[in-house]
Amino acid sequence: MELDRAASLLLAGDPQVVRNPYPVYRRMREKGAVYWHKPDMPFVTTHALAKACLQDDQRLLTRRAEDRFKLDSLSEEDRKRAREIVAFEALHLSGMNGPVHQRVRSAAVRAFTPSRIAHLGEFAKKVANDFLDQLAGEADCDLVQMSYRLPLLVLMELLGAPHEDADMLKSWGDDLAGVKGFAAGGVPSEKIKAGHDAISNLRAYAASLVERHRKQPNNLSLLSVLVEARDGGRINDEELTGTLVIILYAGHLTTTDLLGTGIHDLLLHRDQWSRLCADPNLAKGAVEEALRFNAPVQMMPRIAAADMDIGGHRIAAGTSVMLLFGSANRDPAVFQDPDRLDISRVNIDHLAFGKGVHVCIGSSLARLEAQAVFDTVSRRFPEMRLAADPADLEWNPHPKFHGVKRLPVRLGRDCGRTA
Ligand code: HEM
């Protein structure tokens with residue numbers, strides 16, 4: 001298939017292309033470190049250049065795409081709602097730049113201390129074991145049930161929110177995310193209304209959490225760190241709510257995809273699965289290799305703040321430059337035999353968590369969750385096998401967020417809880 005056509009299918013989330021985008025990336029890389037999909041759409045394909053772009057945070061900025069709302073075509077009421085959604089999204093770390101980003105990020109990052117992360121790793125292990133207890137009676141089960149639920153519960157624990165509120169918070173988060181991905185045709189009115197209602201609900205919920213925290217402080221939570229920052233005047237109320245929301249949003253499905261796709265890849269590469277089962281100390285390396293081999297976030301855009309040169313290409317101010325993490329992670333200039341899954345690779349400099357000032361704030365937590373799950377699952381169910389033809393598995397219909405939607409497995413003999 002012609003490369004530009006394949007790239008268009010990838011961006012459109014075509015099921016056949018998104019399940020294995022790597023041949024398309026390879027062809028793009030072979031054309032150069034920058035591949036022009038359209039005259040205004042450069043893709044950065046190599047590890048070296050993608051990393052350099054991530055580190056060039058003065059000239060390459062993150063941005064929320066507000067033009068997707070097609071404001072002129074909206075009713076007055078929807079236009080007002082859309083503007084408020086854009087203003088709320090600007091409170092997300094991932095959409096901030098410069099000193100504001102630095103200020104809010106340095107407040108939030110204090111929640112990710114080694115002792116807090118270790119506590120959450122133990123919690124994740126317990127949740128994984130409890131899940132496996134429930135699933136153990138069933139001959140076949142869908143492991144995505146666990147890979148969806150576990151990170152959500154870990155996030156509730158991190159936030160310091162009651163676990164039973166998880167579904168409610170998640171549905172507001174989904175409504176807020178529902179206004180994304182409509183670049184071409186504008187956002188439907190009912191989505192704008194749902195996203196706008198979600199913001200009101202999230203604000204009220206965050207305020208109630210803060211009240212609760214004042215009465216019953218939980219010093220292990222992200223909330224306690226953010227309340228302290230707010231009381232100290234380092235962030236305001238809106239930034240507190242925005243940070244709670246972005247952490248919930250950025251930390252959930254990314255981790256779901258790492259857990260589901262990681263186990264899928266290990267089961268398909270039986271030799272690697274057997275090595276992990278024989279030596280659970282390999283879980284740490286298995287997680288790094290899973291992140292490299294099938295990165296949950298395949299690409300992220302940056303906007304050129306000024307006319308600039310990238311890899312010898314002239315980029316005009318305002319151009320959206322797509323950094324292909326999935327391609328960088330399979331770049332043969334950095335990774336020997338990049339299409340081979342090998343859980344004993346060392347010093348894996350993958351870009352699955354990005355780099356530079358926006359590098360994933362939850363990377364140590366995500367790593368520990370995945371280690372807990374890989375370790376627990378491989379110890380308890382070494383005979384586990386996929387219970388479907390891999391070619392029949394459905395993947396997220398999305399170019400950026402890469403993961404299996406269902407993971408049917410046959411568990412086999414249960415060797416019992418280890419922790
Ligand atoms: C396997 C799981 C995860 C993956 C693959 C992942 C990936 C990423 C990537 C690639 C970025 C950088 C985006 C960019 O440069 O534009 C990022 C940023 C971020 N991640 Fe993660 N993430 C994961 C888990 C988490 C978790 C568990 C949390 C929270 C507990 C989290 C919170 C965030 C936040 C808040 C940002 C924005 C940081 C900033 O802009 O300063 N992520 N993540």
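Our structure's up above, just so we're on the same page.
Residues numbered from 1 in each chain as written. Predicted model: local features only at pLDDT ≥ 70, side-chain atom pairs only at ≥ 80, totals over all residues.

Undergrad: So what exactly am I meant to see when it comes to the overall build of the protein here?
TA: A tally of helices and strands in the protein yields 16 helices and ten strands. The C-alpha radius of gyration of the protein comes to 22 Å, within 12% of the 22 Å expected for a compact globule of 419 residues. By its C-alpha atoms, the protein is 60 × 60 × 35 Å across when sized along the principal axes. Within the protein, the fraction of its 419 residues that count as buried is 42%. Considering only contacts in the protein between residues 6 or more positions apart, those separated by 24 or more positions represent 73%. (Helix = DSSP H or I, 4+ residues; strand = E, 2+ residues; numbered from the N terminus. Rg over C-alpha atoms; globule rule 2.2 N^0.38 Å. Buried ≥ 20, exposed ≤ 12 C-beta atoms within 10 Å, placed from the backbone. Contact = placed C-beta atoms within 7 Å.)

Undergrad: I'm lost on the sheet that holds strand β3 (residues 60-61) in this one. Help?
TA: Picture the strands of a sheet paired through backbone hydrogen bonds; they go either parallel or antiparallel. Pairing within the open sheet is mixed, and its five strands lie in the order β1-β2-β8-β5-β3. The sheet is open, and its two borders are formed by β1 (34-38) and β3, each paired with just one other strand. In this sheet, strand β2 (residues 41-44) lies alongside β1 in antiparallel orientation, the contact comprising four bridges. Looking at β2, one finds that Trp36 is bridged to Pro42. Along the sheet, helix α4 (residues 47-55) contacts β2, β3, β5 (299-304) and β8 (320-324); its crossing angle with β8, the most-contacted strand, is approximately 125 degrees. (Pairing = 2+ DSSP bridges. Axes fitted to C-alpha atoms, helices over the stretch in contact; angles between N-to-C directions.)

Undergrad: It is not clear to me how the pairing of β5 should be interpreted in this structure. Could you clarify?
TA: Successive side chains on a regular strand alternate, one facing one side of the sheet and the next facing the other. Where β3 and β5 come together, two bridges link them in antiparallel fashion. Within the sheet, the bridge partner assigned to Leu61 lies in β5 and is Ile303. Summarising the sheet, β5 and β8 pair through five bridges and their orientation is antiparallel. In the strand pairing of β8, Arg302 is matched with Val321.

Undergrad: Got a minute to help me understand the site of the ligand in this structure?
TA: Of all residues adjacent to the ligand, which total 24 residues, the nearest are Gly251, Thr254, Gly354, Cys360 and Gly362. If one sorts the elements of the shell around the ligand by residue count, helix α12 (residues 237-268) sits on top with seven residues. (Near = placed C-beta within 6 Å.)

Undergrad: What should I look at first to understand the sheet that holds strand β9 (residues 385-386) in this one?
TA: Reading across the sheet, the three strands line up as β4-β10-β9 and stay open at both edges, with antiparallel pairing between neighbours. For this open sheet the edge positions go to β4 (140-142) and β9, each flanked by a neighbour on one side alone. Where β9 and strand β10 (residues 408-410) come together, two bridges link them in antiparallel fashion. Looking at the pairing, Leu386 lines up with Val409 of β10.

Undergrad: How should I be thinking about helix α10 (residues 189-215) in this particular structure?
TA: Residues that lie three or four places apart on an α-helix share one face, since the helix turns once every 3.6 residues. End to end, α10 covers 40 Å across 27 residues, agreeing with the expected 39 Å (1.5 Å per residue, within 8%). Inspection of α10 places Ile192, Gly195, His196, Ala198, Ile199, Leu202, Ala206 and Leu209 among the buried residues, and these make up the whole buried set. Elements in contact with the buried residues of α10: α5 (76-89), α9 (166-177), α11 (222-231) and α12. (Expected span 1.5 Å × (residues − 1).)

Undergrad: Can you help me understand the packing of α12 against helix α16 (residues 363-380) in this one?
TA: Packed helices, taken two at a time, are described by their axes: the angle between them and the distance between them. For the pair α12 and α16, interaxial distance at closest approach is 10 Å and the crossing angle is 30 degrees. The handedness of the crossing between α12 and α16 comes out as right-handed. Across the interface between the two elements, Thr254, Thr255, Leu258, Leu259, Gly262 and Ile263 of α12 pack against Ala366, Glu369, Ala370, Val373, Phe374 and Val377 of α16. Here the contact of α12 with α16 is composed, by residue class, of eight nonpolar, three polar and one charged. (Left-handed = near helix turned anticlockwise from the far one by under 90°. Nonpolar A, V, L, I, M, F, W, Y, C, P; charged D, E, K, R; others polar.)

Undergrad: Where do I start with the nonpolar core in this structure?
TA: Within soluble globular proteins, side chains that are nonpolar generally end up buried alongside one another. In terms of nonpolar packing, the biggest core is built from 112 residues, with Val44, Ala50, Leu226, Leu323, Leu324 and Phe325 touching the most fellow members. Of the residues forming this core, the biggest block, ten residues, is contributed by α12. In this structure, Phe325 is in contact with Ala50, Ala295, Val297, Gln298, Met299, Met300, Leu351 and Ala352, ignoring residues within four places of it in sequence. (Core = buried A, V, L, I, M, F, W, Y, C linked by C-beta atoms within 7 Å.)

Undergrad: Help me understand helix α7 (residues 114-135), please; the structure alone is not making it clear to me.
TA: If you check α7, its first and last C-alpha atoms are 31 Å apart, about what 22 residues at 1.5 Å a residue would give, namely 32 Å. Those residues of α7 lying buried are Arg116, Leu120, Ala124, Lys125, Val127, Ala128, Phe131 and Leu132. Structurally, α7 contributes buried residues whose contacts are with α8 (144-159) and α16.

Undergrad: Help me understand the environment of Ala204 in this model?
TA: Within the secondary structure, Ala204 sits in helix α10. Among the residues examined, Ala204 registers 11 C-beta atoms within 10 Å and is labelled exposed. Taking C-alpha positions, Ala204 is 35 Å from Ala305, a pair spaced 101 residues apart along the chain.

Undergrad: Quick question: what am I supposed to make of the packing of α7 against α16 here?
TA: Contact geometry of α7 with α16 gives a least axis separation of 9 Å together with a crossing angle of 35 degrees. When the axes of α7 and α16 are compared, the crossing they make is right-handed. In this structure, α7 uses Ile117, Leu120, Gly121, Ala124, Lys125, Ala128, Asn129 and Leu132 to contact α16, whose residues at the interface are Ser364, Leu365, Leu368, Glu369, Ala372, Val373, Thr376 and Arg380.

Undergrad: Mind showing me how you'd approach the environment of Leu158 here?
TA: With respect to the secondary-structure elements, Leu158 resides in helix α8. Measuring from C-alpha to C-alpha, the distance between Leu158 and Leu93 comes to 17 Å, with 65 residues separating the pair along the chain. With sequence-adjacent residues up to four places away left out, Leu158 is seen in contact with Leu120, Ser221 and Leu222.

Undergrad: Help me understand the environment of Glu2 in this model?
TA: Its location among the elements puts Glu2 in the segment before α1 (3-11). Separated by 22 residues in sequence, Glu2 and Val24 have C-alpha atoms that sit 10.0 Å apart.

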